[in-house]
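Listed below, chain by chain, are the residues.
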Amino acid sequence: MEAVVSLQEAIAGVAERVGPSVVGLGRGWGHGSGVVIGEGRVLTNAHNLRRDQVTVVFADGRRATGDVAAADPDLDLAVVEVDTGDAPAITWEPGDAPAIGAPVLAVANPGGRGLRVTLGFVSSEGRSFRGPRGRRIGGAIEHTAPLPRGSSGGPLVDVEGRLLGLNALRLDGGLILAVPATAAVKERASRLARGEAPASPRLGVAVAPPRVARRMRRAVGLPERDGLLVRAVEDGSPAARAGIERGDLLVSAGGRDLDGVDALYESLDAVPSDGGTIELVIVRGTEERPVTVEFETSGAAA
């Protein structure tokens, strides 16, 4: 019985310390949750934001309109600029990742509907998942603290209320993945708070992985070939300007064979953020041809 009482006290203590820092985004079930990381700044998941402005609901019920300072869809992070009033910033002291079995608490305010605090345990270390644009986010914390819809963007904390991660994705079986609150993530959040959106060159294509590409080429009588199948091309994108078309197979980028989408991202990361080119090899039908893709000097083509 003493253990249960101690557990209750720990959860109540976290709710008291962390709750005032947690906000809801949107109305009703809204878009998600967020957490105050500094005066006038709220951190959330990039996938929670659909426009340049969002309603922010604080723990005391106050509502304010926030403006998106900057977003990083590749890491699924965004910072909202808003009058945070008396809401304190959460304690963020990056340290070692929590070990499997460590108790954690997930905190949220889904769409401003009220504070939620749930207890769970770290179930796996160093997990990864795909961000909104398909890039892999590594080092994620998998845990068992249950969360209702609208909780993404809320903090994952330890029993002392210190930030461990930002809850982002619900898996089958109710497990949750959180973006880790590492020193690198904190630095990225600081840059977003200053309005510095990352400039990551991208082609502007939707692709299918090699296993799908092989199956689809086989279905239309074309020889199988490893590569990424172009399923769509964004109008006005670097890929469109280079003449890449739907149905093309991307087989190499920057001299590297494309055995998966991560290989393409890594090749693009080598392109200077202030503009540059990348050499691709594509297969159209049975014909292999080189293509030079040029990126604008502003960096990323979103």
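Structure's up top.
Glancing now at the pattern of salt bridges. In this structure the tally under the stated criterion is 18 salt bridges. Salt-bridge contacts for Arg130 lead to Asp262; the nearest nitrogen and oxygen are separated by 2.7 Å. On the criterion of sequence distance, the pair formed by Arg130 in strand 8 (residues 116-130) and Asp262 in helix 5 (residues 261-269) is long-range, its members being 132 residues apart. Assessed through its relative accessible area of 35%, Arg130 is described here as partly exposed. Here Asp262 falls in the partly exposed class, since its relative accessible area comes to 24%.

With that settled, consider the pairing of strand 18 (residues 287-295). Bridge count between strand 17 (residues 276-284) and strand 18: nine bridges; the pairing is antiparallel. Residue pairing for strand 18: Thr277 is matched across the bridge by Glu294. Turn length for the strand 17-strand 18 hairpin, with the two strands adjacent in sequence and antiparallel, is two residues, and the turn residue Gly285 shows positive phi of about 70 degrees.

The next point concerns the sheet that holds strand 4 (residues 53-57). In spatial order, the strands read 1-2-3-6-5-4; together these six strands close into a barrel with antiparallel pairing. Going from strand to strand, the sheet's axes swing by 40 degrees on average, the running direction of each strand aside. Strand direction decides the pairing type here: strand 1 (residues 22-25) and strand 2 (residues 32-38), joined by four bridges, are antiparallel. Bridge pairing links Leu25 to Gly32 in strand 2.

Tallied over the full model, the rule gives zero aromatic pairs. One cation-aromatic arrangement involves Arg62 over Phe58; the distance from NZ or CZ to the ring centre is 4.2 Å.

Relative to strand 17, strand 15 (residues 249-253) runs antiparallel, the two being bridged by four bridges. Directly across from Ala253, in strand 17, lies its bridge partner Leu280.

Below, the discussion takes up the side chain of Arg217. Looking at the secondary structure, you find Arg217 in helix 3 (residues 210-219). The residues touching Arg217, leaving out its near neighbours within four places in the chain, are Leu222, Pro223, Arg225, Leu249, Val283 and Gly285.

Turning next to helix 2 (residues 183-193). Of all the residues in helix 2, the buried ones are Val185, Ala189, Leu192 and Ala193. Buried residues along helix 2 cover an arc of 100 degrees about the axis, so they all sit on one side. Away from its buried face by more than 90 degrees, helix 2 exposes Ala183 and Ala184. Residues of helix 2 that are buried sit in contact with strand 2, strand 3 (41-44), strand 5 (63-72), strand 6 (77-81) and strand 12 (176-180). Gly195 sits one or two positions beyond helix 2 and adopts a positive phi of about 85 degrees.

A few words now on helix 1 (residues 2-18). Between its terminal C-alpha atoms helix 1 stretches 24 Å, which fits the 24 Å expected from 17 residues at 1.5 Å a residue. For helix 1, the full list of buried residues reads Gly13, Val14 and Val18. What you see down the axis of helix 1 is that its buried residues fit within an arc of 100 degrees, all on one side. Turned more than 90 degrees away from the buried face of helix 1 sit Val4, Gln8, Glu9 and Glu16, all of them exposed. In this structure, the buried residues of helix 1 make contact with strand 1, strand 7 (103-108) and strand 10 (155-157).

Definitions and cut-offs
- Residues numbered from 1 in each chain as written.
- Predicted model: local features only at pLDDT ≥ 70, side-chain atom pairs only at ≥ 80, totals over all residues.
- Heavy atoms only, no water.
- Salt bridge = Lys/Arg side-chain N within 4 Å of Asp/Glu carboxyl O.
- Helix = DSSP H or I, 4+ residues; strand = E, 2+ residues; numbered from the N terminus.
- Buried < 20%, exposed > 50% of the residue type's maximum accessible area, 1.4 Å probe, protein only.
- Pairing = 2+ DSSP bridges.
- Axes fitted to C-alpha atoms, helices over the stretch in contact; angles between N-to-C directions.
- Phe/Tyr/Trp six-rings, centres within 6.5 Å; stacked < 30°, edge-to-face > 60°.
- Lys NZ or Arg CZ within 6 Å of the ring centre and 35° of its normal.
- Contact = heavy atoms within 4.5 Å.
- Arc of directions from axis to C-beta.
- Expected span 1.5 Å × (residues − 1).

Purely geometric numbers; function is a separate question.
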